[in-house]
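A structural walkthrough
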Amino acid sequence: GVYDVKESGIHFHHMPPLPTPKDGEEFISRLQSSFEIKVLERPCENELVFEMKGVDVSFANALRRIMIAEVPTVAIEHVYMWNNSSIVHDEVLAHRLGLVPIHVDPRLFEDFAEEEEEPTDRNTVVFKLGVSCGRSKEEDDSKNVKDDADAATASASNNDNGQPQLPGNDFEIEQLASESAQHYRSTHPSAAAAASAIETPGRPYTKHVYSRDLEWVPQGDQSTRFTDHRQIKPVHPDILLAKLRPGQVIELEAHARRGVGKDHAKFSPVATAAYRLMPHVELIQNVYDDKAEELANLYEPGVFGLETVGPEDPVNTKIKAVVKNSYACTMSRNYMRDPVLKEAVKITRIPNHFIFSIESVGMMSPGVILAEALRVLQSKCQNLMRLLDEQTGLQGDHENDIMDEEPEEEEEQE
């Protein structure tokens, strides 16, 4: 069929279908001769636009749904809360952690065979989160800069009862905090600028807990398997998880595992995966001069171009419109407001030519998502063929059993 674009909308016109393939070989031969896939553009690292030709809409929609719901990824599934004195409830915090995209290749991990299976370094990624809010920003900055020094000082200054001793007076505390804060700001200018933009003068100090505070804890040989660019970490370091006031603490351990989007949306690797039919634009009447400029620059920018008229064109005309790029057509139909252009331009949609747009969340590149979706679709087809073979074999065995029983029944009748 053909999709015609009219002023009232898009209308589908049925056309005589192709003859039914006589067998599977003919079907595969048709598909191989007409199928084509090509990358059109890569706007950014997490976006991909490609075209797919020569397939039915059922194939395109199956691929779209697989990319959304059946391509495995890794996300936080279990959270063990050791201490949470913030105003965020344990369940809400665990839910927020689960929605944080994790930068890790799921193909390097295994699925849990059973729900009760023990976690191992082959099926689980472990994170820990330990944050606390001090009395001021300077105090927290000093902790970030001198964690190791503070731990050594605390262990060396323990009293007889094993309790750590703080500096002698408030002046020493303020002086230490000021020096540490200055050092931290000098070494982390971007973090200092972001923090100062968040803080509101005159309000009590609030510590913001971000996804970058999640610390990956390697298990088994993960430290050697995941190094450099493969290092496991949240995709976006600036996802806000919670806000703490002085004295509040969050301590927890989070376990991430493989899963698919049909079980929970947090496992979906794409933000959007959509397709549209490729437009086919043609000029059934020539458009000249002012109307040509309006069509090219106002009604459908990027679709039409302007060319100098030739000897075959009418006299007293200078330029005419030509179709330059049908792919840029947005199906706006604004040109139909003009009665002249309405009769001159015809737009249809090619029913077996699809333009796919994939926007990855960041856990996997869009190209890998497409390849994994095709692999899942291939596995589904193989399973279907296996089930058909098994069913055909069972029916054949059943028919043989019936044929064997019929002579016995005839002998009994005799």
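Note that the coordinates shown come from a computational prediction; the quantities given were computed from them, not determined experimentally. (Residues numbered from 1 in each chain as written. Predicted model: local features only at pLDDT ≥ 70, side-chain atom pairs only at ≥ 80, totals over all residues. Heavy atoms only, no water.)

1. Some words on the overall build of the chain
- On a plain count of helices and strands, the chain comes out with 11 helices and 16 strands.
- The 414 residues of the chain split such that 33% are buried.
- For the chain, the share of sequence-separated contacts (at least 6 apart) that also reach a separation of at least 24 residues comes to 76%.
- For the chain, the accessible surface area stands at approximately 25500 Å², while carbon and sulfur atoms represent 51% of it. (Helix = DSSP H or I, 4+ residues; strand = E, 2+ residues; numbered from the N terminus. Buried < 20%, exposed > 50% of the residue type's maximum accessible area, 1.4 Å probe, protein only. Contact = heavy atoms within 4.5 Å. Areas by Shrake-Rupley, 256 points an atom, 1.4 Å probe, with all protein chains shown as cover.)

2. Things to note about the pattern of salt bridges
- What the rule picks out here adds up to 15 salt bridges.
- Between Glu26 and Arg30 there is a salt bridge; the shortest N-O distance is 3.2 Å. Linking Glu26 with Arg30, this pair stays in helix 1 (residues 24–34), spanning 4 residues, or about one helical turn.
- According to the relative accessible area criterion, Arg30 is partly exposed, its value standing at 25%.
- In this structure, Arg375 and Glu372 form a salt bridge, with 2.4 Å as the shortest nitrogen-oxygen distance. Residue Arg375 and its partner Glu372 are both found in helix 11 (residues 366–413); the two are separated by 3 residues, about one turn of the helix.
- Put simply, Asp105, Arg107, Glu372 and Arg375 are held in one network by salt bridges that share partners. (Salt bridge = Lys/Arg side-chain N within 4 Å of Asp/Glu carboxyl O.)

3. Here's the deal with helix 3 (residues 90–98)
- Regarding helix 3, the residues found buried are Leu93, Leu97 and Gly98. Mapping the buried residues of helix 3 onto a view down its axis gives an arc of 140 degrees, with all of them on the same face.
- Buried residues in helix 3 make contact with strand 5 (73–84), strand 11 (240–244) and strand 12 (249–259). (Arc of directions from axis to C-beta.)

4. Considerations on a negative patch on the surface
- Taken together, the side chains of Glu110, Glu114, Glu116, Glu117 and Glu118 define an acidic patch exposed on the protein surface.
- Note on placement: Glu110 falls in the loop between strand 6 (102–103) and strand 7 (125–132).
- The exposure class of Glu110 is partly exposed, given its relative accessible area of 49%. (Patch = residues over 30% accessible without salt bridge, like charges linked within 9 Å, V, L, I, M, F, W, Y side chains within 5 Å. Lys, Arg positive; Asp, Glu negative; His and termini not counted. Charge placed at Lys NZ, Arg CZ, Asp CG, Glu CD.)

5. Some remarks on the nonpolar core
- Residues Val125, Phe127, Leu129, Ile232 and Ile250 are the most contacted members of the largest nonpolar core, which totals 27 residues.
- Of all the elements in the fold, those that place two or more residues in this core are strand 5, helix 3, strand 7, strand 11 and strand 12.
- Apart from residues no more than four positions distant in its own chain, Ile250 is found in contact with Asn83, Asn84, Ser86, Leu93, Leu129, Gly130, Val131, Ala242 and Leu244. (Core = buried A, V, L, I, M, F, W, Y, C linked by side-chain atoms within 4.5 Å.)

6. Some words on the environment of Gly310
- The topology assignment puts Gly310 in the loop between strand 14 (304–308) and strand 15 (319–323).
- Assessed through its relative accessible area of 23%, Gly310 is described here as partly exposed.
- Here the alpha-carbon distance between Gly310 and Lys320, two residues 10 residues apart in the chain, equals 9.4 Å.

7. A few points about the pairing of strand 2 (residues 9–13)
- Bridge analysis of strand 1 (residues 2–6) against strand 2 gives 5 bridges, and the strand direction is antiparallel. Within strand 2, the residue paired with Val5 across the bridge is Ile10.
- Between the antiparallel neighbours strand 1 and strand 2 lie 2 residues. (Pairing = 2+ DSSP bridges.)

8. Looking at the sheet that holds strand 7
- Pairing is antiparallel in the open sheet, where 4 strands are placed in the order 5-12-7-9. Among the strands making up the open sheet, the edge pair consists of strand 5 and strand 9 (215–217). Taking each pair of neighbouring strands and ignoring which way they run, the sheet shows an average axis angle of 30 degrees.
- Direction of pairing for strand 7 relative to strand 9: antiparallel, over a ladder of 3 bridges. (Axes fitted to C-alpha atoms, helices over the stretch in contact; angles between N-to-C directions.)

9. Description of the pairing of strand 1
- As paired strands, strand 1 and strand 16 (residues 345–360) are joined by 2 bridges and run antiparallel to one another. Pairing of Tyr3 across the sheet is with Arg349, part of strand 16.

10. Looking at the confidence of the model for the chain
- Looking at the chain, pLDDT values average 83 and 80% of them are 70 or higher.
- Scored below 50 in pLDDT, residues 154–170 shows 8 contacts in the model against residues more than four places distant or in partner chains. (pLDDT = per-residue confidence, 0-100.)

11. Let's talk about unusual backbone geometry
- Positioned with a positive phi, Asn316 is a non-glycine residue whose angle comes to about 70 degrees.
- Here Asn316 lies in the loop between strand 14 and strand 15.
- Assessed through its relative accessible area of 74%, Asn316 is described here as exposed.

12. A short note on the side chain of Thr124
- Counting through the fold element by element, Thr124 comes out in the loop between strand 6 and strand 7.
- The exposure class assigned to Thr124 is buried, which follows from its relative accessible area of 4%.
- Residues within four places of Thr124 in sequence aside, it is in contact with Phe109, Phe112, Pro119, Gln222, His255 and Ala256.

13. Description of a nonpolar patch on the surface
- The grouping of Phe27, Ile28, Leu31, Phe35 and Ile37 at the surface amounts to a nonpolar patch, some 410 Å² of accessible area in total.
- For the nonpolar patch, the leading source of residues is helix 1, giving 3 residues.
- Along the polypeptide, Phe35 turns up in the loop between helix 1 and strand 3 (36–41).

14. A few points about the packing of aromatic side chains
- Evaluation of the coordinates by the stated rule reveals 7 aromatic pairs.
- For the ring pair Tyr80 and Trp82, a centre distance of 6.4 Å and an interplane angle of 20 degrees mean the geometry is stacked.
- A network of ring pairs unites the aromatic residues Phe50, Tyr275, Phe354 and Phe356 as a single cluster.
- Here the basic side chain of Arg225 rests over the ring of Phe109, its NZ or CZ set 5.6 Å away from the ring centre.
- Sitting over the ring of Phe112, Arg257 keeps its end group 3.8 Å from the ring centre. (Phe/Tyr/Trp six-rings, centres within 6.5 Å; stacked < 30°, edge-to-face > 60°. Lys NZ or Arg CZ within 6 Å of the ring centre and 35° of its normal.)

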